[in-house]
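Overview (structure and organization)
One letter stands for each residue in the lines below.
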Amino acid sequence: MLGFIIRPPHQLLSLLSCPGLRIPRFSVLCAPLRPAYTIHRLRTMAVSSSWELPLVAVCQVTSTPDKEQNFKTCAELIREAARLGACLAFLPEAFDFIARDPEETQRLSEPLGGNLLEEYTQLARECGLWLSLGGFHERGQDWEQTQKIYNCHVILNNKGSVVATYRKTHLCDVEIPGQGPMRESNSTIPGPSLESPISTPAGKIGLAICYDMRFPELSLALVQAGAEILTYPSAFGSVTGPAHWEVLLRARAIETQCYVVAAAQCGRHHEKRASYGHSMVVDPWGTVVARCSEGPGLCLARIDLNYLQQLRKQLPVFQHRRPDLYGNLGHPLS
Ligand SMILES: O=C(O)CNC(=O)[C@H](CS)NC(=O)CCC(=O)C(=O)O
């Protein structure tokens with residue numbers, strides 16, 4: 001029987017539905033993987049180990065313009081993540097709201113010191129969880145002059161303190177037939193800098209947001225600065241999603257030899273906008289070790305940094321680069 005086990009401990013996959021009544025559609029359990037999950041559990045209990053690895057939760061939601069309802073849905077998933085033993089929960093880009101137009105985006109936005117972040121601070125404390133708030137519509141210090149926001153990825157520790165912020169540097173101004181135009185720069189100012197990876201109980205996290213995943217230079221800069229986990233909280237389009245989402249995330253994981261965590265928006269946000277879903281965790285080998293389906297819910301994965309180190313030794317691409325031929329793609333961060 002053990003011959004059938006193809007998933008080593010770091011590749012533990014589990015998919016869970018959220019029991020909350022307010023969540024309209026649940027993630028489905030991925031049936032073919034269940035036997036591997038069970039057998040794997042028997043084996044690792046004998047050998048021990050993988051259950052001590054940090055567990056992370058990836059939350060998938062359908063944000064709407066209703067901020068209060070969005071908070072309730074996210075809070076329910078975060079509490080579920082804590083009950084299941086996660087140390088860190090990831091929320092997608094625009095977890096706070098998805099508005100119908102730039103005017104509504106401006107009106108609903110808040111500063112980092114506003115009420116919404118305060119509620120998340122209390123939630124992180126109450127649950128004892130670290131939170132990746134993947135894209136907050138932030139009124140920055142220049143709000144009065146610009147009337148534009150930043151798309152800000154905020155990391156809270158388990159005491160609720162803001163320990164890192166990254167403001168999306170590549171804005172999504174694209175026009176894809178069938179998807180509706182995206183003009184992020186109508187409401188948003190691009191962030192001025194990359195941020196150094198931040199130490200968390202799951203590993204060193206490099207911060208990015210959604211459309212940033214199309215720029216491998218950014219992921220190389222983050223890994224060269226020490227990232228072990230890359231995060232791409234997203235609200236990915238319903239046309240680009242099926243074609244590009246998984247391929248891009250797996251490519252970023254393979255070429256950087258990092259875990260990639262991508263919490264996604266899913267479903268219909270309002271009459272003009274829908275997102276692709278399929279939140280996932282990819283390991284440094286490029287295997288998708290956890291994924292959500294199309295509806296709201298969460299999935300969980302264990303992060304095995306020993307596996308990451310072992311792989312980087314076995315396949316030392318970072319020692320084989322030829323900056324003499326193409327320059328240093330991805331400069332060291334300060
Ligand atoms: O609008 C908000 O409130 C929050 N921001 C977003 O949802 C952004 C800009 S419209 N979406 C993306 O970057 C999708 C990228 C994408 O779909 C791709 O790269 O294919």
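All of these numbers come straight from a predicted model, not from anything done at the bench. Think of each chain on its own: its residues are numbered from 1, step by step along the sequence as written. Restriction of local features to residues with pLDDT of at least 70 applies here, the model being predicted, together with a cutoff of 80 or more for giving and counting side-chain atom pairs; totals for whole chains, interfaces and linings are based on all residues. Computation of side-chain values: all heavy atoms of the structure, hydrogens and water removed.

Digging into the overall build of the chain
Inclusion rule: A run of H or I in DSSP becomes a helix once it reaches four residues, and a run of E becomes a strand once it reaches two; helices and strands are each numbered from the N terminus. Contact between two residues is taken to exist if any of their heavy atoms lie within 4.5 Å; hydrogens are not considered.
Broken down by element type, the chain carries 9 helices and 17 strands. Sequence separation of at least 24 residues holds for 73% of the intrachain contacts in the chain that already meet a minimum separation of 6.

Regarding the pattern of salt bridges
Note on pairing: side chains with opposite charge can pair once their charged atoms come close. Just so we agree on the cut-off: Any carboxyl oxygen of Asp or Glu within 4 Å of a side-chain nitrogen of Lys or Arg constitutes a salt bridge here. Working definition: with a 1.4 Å probe on protein chains only, accessible area under 20% of the residue-type maximum means buried, over 50% means exposed, and in between means partly exposed.
For the structure on display, the rule yields 15 salt bridges. The salt bridge partner of arginine 100 is glutamate 104, with a shortest N-O separation of 2.9 Å. The shortest N-O distance in the salt bridge between glutamate 175 and arginine 183 comes to 2.8 Å. Looking at arginine 183, the relative accessible area reads 40%, which means it is partly exposed.

Details of the site of the ligand
Rules: Whether a residue is near a molecule or strand depends on its heavy atoms: it is near if one of them lies within 4 Å of it. Side-chain atoms alone can form a polar contact between residues adjacent in sequence; in general such a contact is a pair of N or O atoms within 3.5 Å, and within protein one must be able to donate a hydrogen while the other accepts it. Using a 1.4 Å probe, the Shrake-Rupley method yields the accessible areas, and only the shown protein chains count as cover for residues. Computed over the protein atoms alone on a 1 Å grid, cavities are sets of points where a 1.4 Å probe fits but cannot get out and pockets are open sets with protein on both sides within 12 Å along at least five of seven lines; a residue lines them when it has an atom within 4 Å of a point. To qualify as sitting in a cavity or pocket, a molecule needs more than half of its atoms within 2 Å of the grid points. Any residue that is not Ala, Val, Leu, Ile, Met, Phe, Trp, Tyr, Cys, Pro, Asp, Glu, Lys or Arg is counted as polar, Gly included; the first ten are nonpolar and the last four charged.
The environment of the ligand is formed by 16 residues, the closest being His137, Arg214, Gly237, Thr240 and Arg273. For the ligand, a nitrogen atom lies 3.3 Å from a polar atom in the side chain of glutamate 93. Within the contact set of the ligand, an oxygen atom lies 2.8 Å away from a backbone nitrogen or oxygen of glycine 237. Within the complex, 93% of the 500 Å² of free accessible area of the ligand lies under protein. Mapping the ligand onto the cavity grids shows that it belongs to the largest pocket. By residue class, the composition of the shell around the ligand is 7 nonpolar, 4 polar and 5 charged.

Examining the pairing of strand β13 (residues 266-270)
Heads up, the condition is: Note: two strands are recorded as paired if DSSP finds a minimum of 2 bridges between them.
Note: β13 against strand β14 (residues 273-276), 4 bridges, orientation antiparallel. Bridge assignment links histidine 270 to a residue of β14, and that residue is arginine 273. Following β13, the chain reverses through 2 residues before pairing antiparallel with β14.

A closer look at the packing of aromatic side chains
Note the threshold: Ring pairs shown here join Phe, Tyr and Trp side chains whose ring centres sit within 6.5 Å, with only the six-membered ring taken for Trp; geometry is labelled stacked below 30 degrees between planes, edge-to-face above 60, and tilted in between.
If you walk through the whole model with that rule in mind, you get 5 aromatic pairs. Here the aromatic rings of phenylalanine 95 and tyrosine 120 are separated by 5.3 Å at their centres, their planes lie at 90°, and the arrangement is edge-to-face. With phenylalanine 95 in the loop between β3 (88-91) and α3 (102-108) and tyrosine 120 in helix α4 (residues 115-127), this pair connects stretches of sequence that are 25 residues apart. For the residue pair phenylalanine 95 and tyrosine 120, the accessibility class agrees, reading buried in each case.

Observations concerning the layout of surface pockets
In this approach, a probe sized like a water molecule rolls over the atoms, and the result shows the empty space that is left. So the rule is basically this: Grid points are joined across faces, edges and corners, and a volume is the space filled by probe spheres set on the points.
Its boundaries defined by the atoms lining it, the largest pocket holds a volume of some 780 Å³. Taken together, 36 residues line the largest pocket, and the ones lying closest to its centre are Pro181, Met182, Arg183, Glu184 and Arg273. Residue assignment for the lining of the largest pocket shows that the elements contributing at least two residues are α3, β8 (182-183) and α7 (240-256). Taken together, the residues that form the lining of the largest pocket break down as 15 nonpolar, 12 polar and 9 charged.

A short note on α4
Convention followed: Under the convention used throughout, the expected extent of a helix is 1.5 Å for every residue step, that is, one less than its residue count. The directions from the helix axis to the C-beta atoms are what the arc is built from.
Here α4 contains 13 residues, and its C-alpha end-to-end distance of 18 Å stays within 8% of the 18 Å for a straight helix at 1.5 Å per residue. By the burial criterion, the buried members of α4 are Leu116, Leu117, Tyr120, Thr121, Leu123, Ala124 and Cys127. Buried residues of α4 fall within an arc of 165° about the axis and therefore sit on the same side. Turned more than 90 degrees away from the buried face of α4, the exposed residues are Asn115 and Glu126. Once α4 finishes, glycine 128 follows within two positions and takes phi at roughly 65°, a positive value.

Section: the confidence of the model for the chain
Formally: A residue's pLDDT is the confidence the predictor assigns to it, expressed on a 0 to 100 scale.
Averaged over every residue, the pLDDT of the chain is 87; residues scoring 70 or more account for 85%. Low pLDDT, under 50, characterises residues 1-48; the predicted model gives this stretch 92 contacts beyond four residues in sequence or across chains. The ipTM assigned to the predicted complex is 0.94, against a pTM of 0.87.

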